[in-house]
Amino acid sequence: MTTTNKDFVALRDELASWPAESSSDAHGVQAPAEREVYAPATHSAALDPASTIVQGSRGTGKSFWAGVLGDPSLRAATAKAYPRLGLDQLDVRFGYTGLAGPEGVDKEKLDECVSPRAAIDEARVFWWATILRAIDSSVGRTARRPKEFLDVAANIEQREAMITAHARRLQAHGSTLLIVYDALDTLASSWKRRRMLTLALLEVVWAMRAWRAIRPKLFLRPDQLEDESLRFVELPKLRTGAVRLTWSGTDLYALFFARLSTGHAADSFKRLLASLSLPWVPYDQILARQWPLAHDEQSQRRLMAALAGAHMAPGPHGHKKGNTYDWPLKHLGDAFDEVTPRSFLSLSIGAAKYGESPPEDRVITPEGIRHGLRAASKMRVDQLHDEFPWIKGVLAPLAGLLLPCDEKEVFKVWKKAKTVSEAVESAKRHGYLPPFPEQEDADERNLYMALKRIGVMFRRQDERLDMPDLFRVAAKLLKKGGTAPL
């Protein structure tokens, strides 16, 4: 089977048509769709009902998997990828999603149950109410607001009787109720209240160990779980048992090729695979990872070379600039060396959109891949801004700085621009969490520590400060030999 120029054009058009900034919610308009599901083998532990806490940075798929678990048809499809987990035997309800609507519990519903000056006892009652609400929904009643369960939640005997009765019903039918908590960074707009609510939730989750048939599952950001101010005697055990949601390079390319295989240019992709003697398989087999492109790196490298050329520069010395397979993985990592599927796909989409006259025998080009890094960097910083509204304000003064550099140079720039006081004042003015949990910690060194905690900056072995390209490019910082900023 021969690949024609029209096939490369069709694949480029398909890739360019993908939404670059799509994010997922557990339910609602941005809930995951079936053809979007790709199930890496390493995510089995994250979806296992026995894993109580799943931690992952933005873009790693926390809300996506929460949405898959909450949708019966997606859960049944995903069960084929993880047959050992018994996902199709679960009854799944949402405990908190940060979204309104009949299914969701958001900050507004939380605030009507937990007063602004509430102590942790009141917060615990709210989280118990979300457990009771899920049980009530599980027996077939229309989902009600958590506040309707507060009285029972506050009464230990009534609460435990309701939970135990339902647990026995589930055990009799060999079933499990999984209660999913997502978007937990949206609980509050002050550090004190968010910590109190998070701690109360973790205490309730720990107490739920008493009922085997009713399992909570939390999708949580690492910095929220690792917050050193959380004090709870069993917290180390919960942290130790937490599963980290990560993507290997092989998983990211497998996801990329799976999307091409099931997209509108599937016939062109099929011809390209045939020209490389690589098999095409239907979606069910992709989902079950019964496909060489799901795990065979050498097959992935051959296919990427056919899509983009082997190296990042033409000519006999082009290999010195790196190869097109490794380059995206090397430049899209954060300070924890983690690459998210959202950044990876964003680079690929940006690469497909680059250039007025792309070559006829390639889908994307090395220069397009570099352009894609700029697009991915901008998207990543924009997304970080949604979670940490102070981020752009502290990166902006650093524009033009040459990295890596001594910390004194970074702190000097921030001090001159009054970045710390501006960040604190802006957080007060707009009602969001500042980078400093405690007012007395507001200085340049702790601002660096805040960026380090979320993977935006890091310290090299020679003690100089540096920033991953994923953030550096959009923030307009410079690096010798690095991709130029936007």
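Residues numbered from 1 in each chain as written. Predicted model: local features only at pLDDT ≥ 70, side-chain atom pairs only at ≥ 80, totals over all residues. Heavy atoms only, no water.

1. Side note on helix H22 (residues 444-453)
For H22, every residue scored as buried is listed here: Glu444, Leu447, Tyr448, Ala450 and Leu451. The arc enclosing the buried residues of H22, seen along the axis, measures out at 155°, which places them on a common side. Residues of H22 that are buried in the fold lie against helix H19 (391-395), helix H20 (407-416), helix H21 (419-430), strand S7 (458-459) and strand S8 (465-466). At the N-terminal boundary of H22, the capping side chain belongs to Asp443, with an oxygen 3.3 Å from the backbone nitrogen of Arg445. Where H22 ends, the next residue or the one after it, Gly455, has phi of about 80°, a positive value. (Buried < 20%, exposed > 50% of the residue type's maximum accessible area, 1.4 Å probe, protein only. Helix = DSSP H or I, 4+ residues; strand = E, 2+ residues; numbered from the N terminus. Arc of directions from axis to C-beta. Contact = heavy atoms within 4.5 Å. Polar contact = N/O pair within 3.5 Å; in protein donor to acceptor, adjacent residues only side chain to side chain.)

2. Some thoughts on the packing of aromatic side chains
As enumerated under the stated definition, the model contains 12 aromatic pairs in all. Look at Phe256 and Phe344: their rings are 6.1 Å apart centre to centre, the planes differ by 80°, and that puts the pair in the edge-to-face class. Here Phe344 lies in helix H17 (residues 341-353) and Phe256 lies in helix H12 (residues 249-262), a separation of 88 residues in the sequence. The pair formed by Phe256 and Phe344 is uniform in burial state, with each residue classed as buried. Geometrically, the ring pair formed by Phe411 and Trp414 is stacked, given 6.3 Å between the ring centres and 20° between the ring planes. Here Trp414 and Phe411 lie together in helix H20, a separation of 3 residues that amounts to about one turn. You'll find Phe411 and Trp414 in the same group, each marked buried. Members of the aromatic cluster, joined through ring pairs, are Trp18, Tyr253, Phe256, Phe257, Tyr325 and Phe344. Over the aromatic face of Trp128 sits the side chain of Arg159, whose NZ or CZ is 4.2 Å from the ring centroid. In this structure, Lys270 is placed above the aromatic ring of Trp280, and the distance from its NZ or CZ to the ring centre is 4.2 Å. (Phe/Tyr/Trp six-rings, centres within 6.5 Å; stacked < 30°, edge-to-face > 60°. Lys NZ or Arg CZ within 6 Å of the ring centre and 35° of its normal.)

3. Here we look at the domain arrangement of the protein
Under the domain assignment, the protein is made up of domain 1 (41-244), domain 2 (249-384) and domain 3 (395-479). Domain 2 and domain 3 are separated by 32 Å when their C-alpha centres are compared. Between domain 2 and domain 3, the contact holds 15 residues from the first and 14 residues from the second. Across the interface of domain 2 and domain 3, roughly 1100 Å² is buried in total on both sides, 74% from carbon and sulfur atoms. On inspection of domain 2 and its partner domain 3, the count reaches 0 salt bridges. Across the domain 2-domain 3 interface, the total number found is 4 residue pairs in polar contact (both at pLDDT 80 or more). Sort the elements by how many residues they give to the side of domain 2 that touches domain 3 and helix H18 (residues 366-387) lands first, with 8 residues. Here the residues of the side of domain 2 that touches domain 3 are counted per class, giving 7 nonpolar, 4 polar and 4 charged. (Domains from an automatic or database assignment. Buried area = accessible area lost by both parts, 1.4 Å probe. Salt bridge = Lys/Arg side-chain N within 4 Å of Asp/Glu carboxyl O. Nonpolar A, V, L, I, M, F, W, Y, C, P; charged D, E, K, R; others polar.)

4. Considering the pattern of salt bridges
Within this structure, the stated rule accounts for 36 salt bridges. Asp91 serves as the salt-bridge partner of Arg93, at 3.0 Å between the closest nitrogen and oxygen. A residue is classified by how much of its surface remains accessible, and Asp91, at 16% relative accessible area, is buried. The residue Asp466 makes a salt bridge to Arg460 at a minimum N-O spacing of 2.7 Å. Taken together, the salt bridges that share partners define one network made up of Arg58, Asp185, Arg221, Asp223, Asp386 and Glu387.

5. Some details on the side chain of Arg370
Relative to the helices and strands, Arg370 resides in helix H18. What Arg370 contacts, discounting residues up to four positions off in sequence, is Met312, Lys321, Trp327 and Thr483.

6. Quick word on the pairing of strand S4 (residues 214-220)
For S4, the tally of buried residues reaches 7 of 7 residues, placing the bulk of the element in the interior. Burial of the side chains of S4 extends over both faces: Ile214, Pro216, Leu218 and Leu220 are buried on one face and Arg215, Lys217 and Phe219 on the other. Taken together, the 3 bridges between strand S1 (residues 53-55) and S4 define a ladder with parallel strand orientation. The residue of S4 that forms the bridge with Val54 is Phe219. Note that strand S3 (residues 176-181) and S4 share 5 bridges and pair parallel. Residue pairing for S4: Val180 is matched across the bridge by Lys217. Between the parallel pair S3 and S4, the chain is carried across by helix H9 (residues 191-207), and the sense of this crossover is right-handed. (Pairing = 2+ DSSP bridges. Right-handed = clockwise from strand over helix to strand, strands pointing away.)

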